[in-house]
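Read off the chains here:
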Amino acid sequence: MNNSKQGMTLIVKTVTRVTVWLIVLYGIYLILHGHLTPGGGFGGGVILALAFLNIMLAYGREATQKWLNLKFLEDIEAVSATLFLFMGLLGIALGGRFLINFLPKGSPHALLSAGNIPILNILIGVKVAMSLFLVVWVLAGLHEEKGGQS
Amino acid sequence: MPVETWLTFILGFMILGSIVALEIRDILSSIVAIGVVGLGVSIAFLFLQAPDLAIVQFLFEIFALIILVRAFVKKDYHIETPARVNGFMVAISLLVLIAIFVSSISVFKLLPPFGQPLFETASHYVNYGTEETGAVNLVASIILDYRAYDTLGEVTVLFTAILGTITILRIRKGKDAGRKGA
């Protein structure tokens, strides 16, 4: 993958290979600690999408397409959106109201606390990451098609 | 300095950035000016002690900048014919804006003073949020517990947006392929 002509220079590719995991780690941290520190599902999801975007910009579209299953990303996106709805329906079944916080609250400041807020945070994070990346992916594809035609 | 002074300064900076974004000829400089506006909003959120919003705004600004730069920075996009300015229409717009401003001064006087919340619900969230939901971050407790229904709506909006984007662009791709084949 490093030898291909696509994407940016070797320097960018090498740096990206190291730093992109730090970006992913930060995104996961923000999502998991959403109920404790500022951040949460939306912010962490955007960071994850930016990490994917970083790979796409550094290595080029086609090299990314080889090891990234886009159909799978679309499926994850739809499944996490459905699971969010499912959590709401589970609230009706277990708590009596839609989207009620039916899990035990736990002690404040603990990582495993606040009932189903962390679960919803994770679902939103995955959903936002996948959809934003897919939007950029599709738009970038349109741009390249145009460039190829002219 | 009080927060209001900083906010006024940032607001002026943002207005300047939007005017530059509208008026400048080079499209790349225009995109950078739009970025200035968005980052100004992010800093304003920091001054208003809303780090969650500041983080999201900052990230989305970077995201939008990447999309815009990727979409617009090509040789053929850079050429832009200068727009002709109709002095009569500008005068009318200015007059209408001044009229709206003057007539809304009485409304500004009705606004609560800075830092005084208008809704009493907010104080309930602040006082009992951690106790009732178990989340230390009150923003998370509001958007995912008290107002989780809103968040469901947001998720649906995002889902519909990506659905629409992919559908429209796929139709376009199919058309292009058909034209090539014909």
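It should be noted that the structure appears before, not after, this text.
Source: prediction; values computed, not measured. (Residues numbered from 1 in each chain as written. Chains lettered and ligands numbered in written order. Predicted model: local features only at pLDDT ≥ 70, side-chain atom pairs only at ≥ 80, totals over all residues. Heavy atoms only, no water.)

(A) Spotlight on the overall build of chain A. Looking only at helices and strands, chain A has five helices and zero strands in total. Its helices and strands taken in sequence order, chain A reads α-α-α-α-α from the N to the C terminus. Considering chain A as a whole, with its 150 residues, one finds that 48% of them fall into the buried category. Counting contacts in chain A only where the partners sit at least 6 residues apart, residues at least 24 apart contribute 64% of the total. (Helix = DSSP H or I, 4+ residues; strand = E, 2+ residues; numbered from the N terminus. Buried < 20%, exposed > 50% of the residue type's maximum accessible area, 1.4 Å probe, protein only. Contact = heavy atoms within 4.5 Å.)

(B) Layout of the interface of chain A and chain B. Taken together, the contacts link 53 residues of chain A with 42 residues of chain B. Both sides together, the interface formed by chain A and chain B hides about 4,200 Å², and carbon and sulfur atoms give 74% of it. Across the contact surface, chain A and chain B share zero salt bridges. Linking chain A with chain B are five residue pairs in polar contact (both at pLDDT 80 or more). Of all the secondary-structure elements, those providing two or more residues to the side of chain A that touches chain B are helix H2 (41–59), helix H4 (70–95) and helix H5 (117–149) of chain A. When residues in the side of chain A that touches chain B are grouped by element, the largest group, 21 residues, is from H5 of chain A. Broken down by class, the residue content of the side of chain A that touches chain B amounts to 31 nonpolar, 14 polar and eight charged. (Buried area = accessible area lost by both parts, 1.4 Å probe. Salt bridge = Lys/Arg side-chain N within 4 Å of Asp/Glu carboxyl O. Polar contact = N/O pair within 3.5 Å; in protein donor to acceptor, adjacent residues only side chain to side chain. Nonpolar A, V, L, I, M, F, W, Y, C, P; charged D, E, K, R; others polar.)

(C) Highlighting the nonpolar core. The biggest cluster of nonpolar side chains holds 42 residues, and the ones touching the most others in it are Val46, Met56, Phe84, Ile124 and Phe133 of chain A together with Phe63 of chain B. For this core, the elements supplying multiple residues, two or more each, are H2, H4 and H5 of chain A together with helix H3 (51–72), helix H8 (138–146) and helix H9 (148–181) of chain B. Residue contributions to this core peak at 14 residues, all from H5 of chain A. No fewer than three residues from each of domain 1 (1–79) and domain 2 (134–182) of chain B sit in this core. In this structure, Phe133 of chain A is in contact with Ala49, Phe52, Leu53, Met56, Leu68, Leu70 and Leu73 of chain A, ignoring residues within four places of it in sequence. One finds Val20, Ile55, Ala58 and Tyr59 of chain A within the second-largest nonpolar core, a separate group that totals six residues. (Core = buried A, V, L, I, M, F, W, Y, C linked by side-chain atoms within 4.5 Å. Domains from an automatic or database assignment.)

(D) Representation of the side chain of Asn116 of chain A within the structure. Residues and elements named next belong to chain A. Within the element layout of this structure, Asn116 appears in the loop between H4 and H5. By relative accessible area, which is 1% here, Asn116 ends up buried. Leaving out residues up to four positions away in the same chain, Asn116 has contacts with Met87, Ile100, Asn101, Phe102 and Leu103.

(E) Just H4 of chain A, in detail. Residues and elements named next belong to chain A. With 26 residues, H4 should reach 38 Å at 1.5 Å per residue; the first-to-last C-alpha distance of 37 Å fits that figure. Those residues of H4 that sit buried are Leu70, Leu73, Glu74, Glu77, Ser80, Ala81, Phe84, Met87, Gly88 and Gly91. In this structure Asn69 caps H4, since a side-chain oxygen of it lies 3.4 Å from the backbone nitrogen of Lys71. In the segment just after H4, Gly96 is the residue with positive phi, at about 100°. (Expected span 1.5 Å × (residues − 1).)

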